[in-house]
Amino acid sequence: MRAPPKPRDASDLIRIDPEDDDVDPVSVIIFDDPDSRIVVDNNDDTWEFAINDEIAYSRWEIGELPEWIEPVLSQIGIRAVRSGQVDV
């Protein structure tokens, strides 16, 4: 499966193969400007995270996210995934 093209305002697009055999490779789109956020796209669903101090903040409760998402984000330097707003 091909990676989608990098959005014009994205800083980077990375393809990561989760260690879960039931999950196809996912696209991780990184936006640094004007805000720090990450979008994870697995072709069926998309999740967006605000990033602050290497912590990804999700509007979804942690139990609503797939189990493979935190290990995928750790591969790009995210230390933890939290639900709620970014405390800046």
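Novice: Help me out: how do you make sense of unusual backbone geometry in this one?
Specialist: In terms of backbone geometry, most residues other than glycine have negative phi values and most peptide bonds are trans. In this model, Asn-43 sits at a positive phi of 75°, which is unusual for a non-glycine residue. Here Asn-43 shows up in the loop between strand S3 (37-41) and strand S4 (46-52). Of note in the backbone geometry, Glu-54 takes a positive phi value of approximately 65° without being a glycine. For Glu-54, the position within the fold is in the loop between S4 and strand S5 (55-58). Take Glu-54: its relative accessible area is 43%, and that puts it in the partly exposed class.

Novice: Can you help me understand the environment of Gly-77 in this one?
Specialist: Looking at the element boundaries, Gly-77 is found in the loop between helix H1 (69-74) and strand S6 (80-83). Relative accessible area serves as the criterion here: at 36%, Gly-77 is assigned to the partly exposed category. Separated by 22 residues in the primary sequence, Gly-77 and Ile-55 have C-alpha atoms spaced 9.0 Å apart.

Novice: Before we go on, may I ask you to explain the pairing of S3 in this structure?
Specialist: Side chains on a regular strand alternate between the two faces of the sheet. In terms of burial, S3 is largely enclosed, as 4 of its 5 residues are buried. Sheet topology places strand S2 (residues 26-31) next to S3; 5 bridges connect them, and they run antiparallel. Considered in S3, the bridge of Val-28 is made with Val-40. Relative to S4, S3 is paired through 5 bridges, and the arrangement is antiparallel. Note on S4: the bridge partner recorded for Val-39 is Glu-48. Taking the residues between adjacent antiparallel strands as the criterion, S3 and S4 are bridged by 4 residues, where Asn-43 takes a positive phi near 75°.

Rules behind the numbers
Residues numbered from 1 in each chain as written. Predicted model: local features only at pLDDT ≥ 70, side-chain atom pairs only at ≥ 80, totals over all residues. Heavy atoms only, no water. Helix = DSSP H or I, 4+ residues; strand = E, 2+ residues; numbered from the N terminus. Buried < 20%, exposed > 50% of the residue type's maximum accessible area, 1.4 Å probe, protein only. Pairing = 2+ DSSP bridges.

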